[in-house]
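# Close look at the chain arrangement
Now for the letters of each chain:
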Amino acid sequence: MENWIQHFLLKAGATALAGLLVTPVALAQETESTSAHRIDSEVLDLGVTAGVVNIADFNGEWALGVSATFQATENFFLQYNFLQADSSPSAYENNQGRLFEGSDRTFRHYDLLVGYKVFQGELFASEGRARLSSLYAVGGVGETRFGGEENFTTTLGVGYEAALTRDILLRIDYRAHLYDSSLIADEERSVTSNQMSAGLSYLF
Amino acid sequence: MRRWFFGVTLALIAAAPLGAVADEEGKASYLQLEVIDPYVDVRSGPGRGYPIFYVIEQGEKVDVLTRRPGWYEVRMASGRTGWSSASQISRTLQTTGEPADLPSVSYGDYLASHWRVGFNSGQFSSGELQSSDTFSFLVGYRPLSWMGLEAEVGKVLGAEIKGELYSVNVLIEPFSDWRVSPLLMVGRGNLSIDSQPKLVPLEIGDEDFNQYGLGLNYYIGRNFVLRGEYRWSEVDTDDNSESLEVWKIGFSTFF
């Protein structure tokens, strides 16, 4: 049955590739009535993020990440994030020895979020130049990998976005990642890792 | 290895629209429209918060440069550019006299031959994975207004369970022009479950499954949909088959 799926995926891939190759030809043949396709759509931005993540029961660590944001409507957007941080020994570990080693010490988190721009307006950082800005709230789901655990994570946060230029966006975020962990206790308990970060994004 | 699958999928999605934009920029001529409404407001930016600085009068011709969700950037005869809301600018004529075919008319039915991305999340409500959480990343393409194809890459995470799943689904949405529209789903995929942190004997290991689903699409905006769904799947295990039930909620956007 594995073969059936591989076959299907291969076929789907080939179809998609054929579609990509055929599309420009199809576009060229289009009449005036469908020329709305010629309009450049600005809906996707890709960015990098840097900040601090306070790993639950461990230390605050420098973190780096990437994000992709799809603007769905004027108010709603979908965002995918990946964030990674290396953890130093916690105070407990300095005393008692490390609880885990190697790649388990890397905090990895990714999430799929939906965002809503609560307040949209103009930012006047310098006189005579208005920049589009907004305060937004995000919520979503994801996964946190740390200490050999893989945990389902609920993410909530707020952020501020300002357009530095037509194509470059600055985002400042606070996010809370909520998940269940049993790293330092025998019983699972709910913990929160907080993230404060700033990011730059390019709007395509 | 599987973890890279997410990254690769994401990179592919990210790369796809880039190619499309490059193709479009190759064409220098812009779409020219004639305003047939009494007037169209022009704002300084693509948002309600921006001030109106110009009003296009009836019969005036404008070039359409850029689209952002809900807004179009237009260039007036004077050469100045500004932003008009999609709902206003969509009531315009092309220079040929035909109505403009801007993708801003109805809810789902204009989405034929459009791509979509999104995610969903839910919880298993029966079977071996009961009360485990799951979330998935989705990529879809809709060749017909009432039929779509969707690929899904997801995770299953529980207190003692971790796993990955991927599937390919066909979505049938007969009334896609309704704001709230029912849909039917049939698909096939693969599910790979491990126990964490300790060893718990599980019936489901690395298995294929068939799934069937019923859902409801709610078009919050023209390019944004909220989907609630119930799925029932039949997993082929070594000896027999296990059935799973899951409730999901998710968001998708189209472009």
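Conventions we followed
- Residues numbered from 1 in each chain as written.
- Chains lettered and ligands numbered in written order.
- Predicted model: local features only at pLDDT ≥ 70, side-chain atom pairs only at ≥ 80, totals over all residues.
- Helix = DSSP H or I, 4+ residues; strand = E, 2+ residues; numbered from the N terminus.
- Contact = placed C-beta atoms within 7 Å.
- Buried ≥ 20, exposed ≤ 12 C-beta atoms within 10 Å, placed from the backbone.
- Pairing = 2+ DSSP bridges.
- Axes fitted to C-alpha atoms, helices over the stretch in contact; angles between N-to-C directions.
- Core = buried A, V, L, I, M, F, W, Y, C linked by C-beta atoms within 7 Å.
- pLDDT = per-residue confidence, 0-100.

### A look at the overall build of chain A
- If you tally the helices and strands in chain A, you get two helices and nine strands.
- Partitioning the intrachain contacts of chain A with sequence separation of at least 6 by distance along the chain shows that 55% fall at a separation of at least 24.

### Describing the overall build of chain B
- Within chain B, the secondary structure is distributed over two helices and 15 strands.
- Classification of the 255 residues of chain B by burial places 38% in the buried group.
- Long-range contacts, defined as pairs at least 24 residues apart, comprise 52% of the intrachain contacts of chain B with a sequence gap of at least 6.

### Observations concerning the pairing of strand 8 (residues 168–181) of chain A
Residue and element names in this part refer to chain A.
- Here ten bridges tie strand 7 (residues 149–163) to strand 8, and the two strands are oriented antiparallel to one another. Note that in strand 8 the partner of Thr154 across the bridge is Leu178.
- Between the end of strand 7 and the start of strand 8, which pair antiparallel, lie four residues.
- The pairing of strand 8 with strand 9 (residues 189–203) spans 14 bridges and is antiparallel. By the bridge assignment, Tyr179 is partnered in strand 9 with Val191.

### Structural notes on the sheet that holds strand 9 (residues 133–144) of chain B
All names here are of chain B.
- Read around the closed barrel, the eight strands follow the order 8-9-10-11-12-13-14-15; overall the barrel is antiparallel. In this sheet, neighbouring strand axes are inclined to one another by 25° on average, regardless of whether the strands run parallel or antiparallel.
- In terms of strand pairing, strand 8 (residues 114–126) meets strand 15 (residues 241–254) through ten bridges, oriented antiparallel. Each residue of the ladder has a partner; that of Asn120, found in strand 15, is Gly250.

### Comments concerning the sheet that holds strand 4 (residues 76–86) of chain A
Residues and elements named next belong to chain A.
- What the eight strands build is a closed barrel, ordered 2-3-4-5-6-7-8-9; its pairing is antiparallel. Between one strand and the next, the sheet's axes are offset by a mean angle of 25°, whatever the strand orientation.
- As defined by bridge partners, strand 6 (residues 129–146) adjoins strand 7 across 14 bridges and the pair is classed as antiparallel. Note that in strand 7 the partner of Phe146 across the bridge is Glu149.

### Comments concerning the nonpolar core
- By size, the foremost hydrophobic cluster in this structure holds 24 residues, and its most contacted members are A:Phe70, A:Ala72, A:Leu78, A:Leu112, A:Val114 and B:Phe119.
- Elements with a minimum of two residues in this core: strand 4, strand 5 (106–126) and strand 6 of chain A together with strand 8, strand 9 and strand 14 (224–236) of chain B.
- Setting aside its immediate chain neighbours within four residues, A:Val114 contacts A:Phe76, A:Leu78, A:Val138, A:Gly139, A:Gly140 and B:Phe251.
- Counting residues in each nonpolar core, the second largest holds 15 residues, with A:Phe152, B:Leu191, B:Ile193 and B:Ile204 among its members.

### Describing the environment of A:Gly159
All names here are of chain A.
- Here Gly159 is to be found in strand 7.
- A sequence separation of 18 residues divides Gly159 from His177, and the C-alpha atoms of the two residues are 14 Å apart.
- In this structure Gly159 touches Tyr136, Val138, Arg171, Ile172 and Asp173, once residues within four positions along its chain are discounted.

### Focus on the environment of A:Ser88
- Looking at the secondary structure, you find A:Ser88 in the loop between strand 4 and helix 2 (91–96).
- A C-alpha to C-alpha distance of 37 Å links A:Ser88 and A:Phe204, two positions 116 residues apart in sequence.

### A few points about the confidence of the model for chain B
- Averaged over all residues, the pLDDT of chain B is 80; the fraction at 70 or higher stands at 79%.
- Confidence over residues 1–27 of chain B falls short of pLDDT 50; this stretch has 26 contacts with residues more than four positions distant or in other chains.

### Comments concerning the pairing of strand 1 (residues 31–35) of chain B
All names here are of chain B.
- Burial along strand 1 is one-sided: the residues Leu31, Leu33 and Val35 are buried and none of Gln32 and Glu34 is.
- Across four bridges, the pairing between strand 1 and strand 4 (residues 61–68) is antiparallel. Within strand 4, the position partnered with Glu34 by the bridge is Lys61.

### Concerning the environment of A:Ile55
Residues and elements named next belong to chain A.
- Here Ile55 lies in the loop between strand 2 (44–54) and strand 3 (60–71).
- Residue classification places Ile55 among the buried residues on the basis of 24 C-beta atoms within 10 Å.
- Sequence separation of Ile55 and Phe146 is 91 residues, and the distance between their C-alpha atoms is 9.1 Å.

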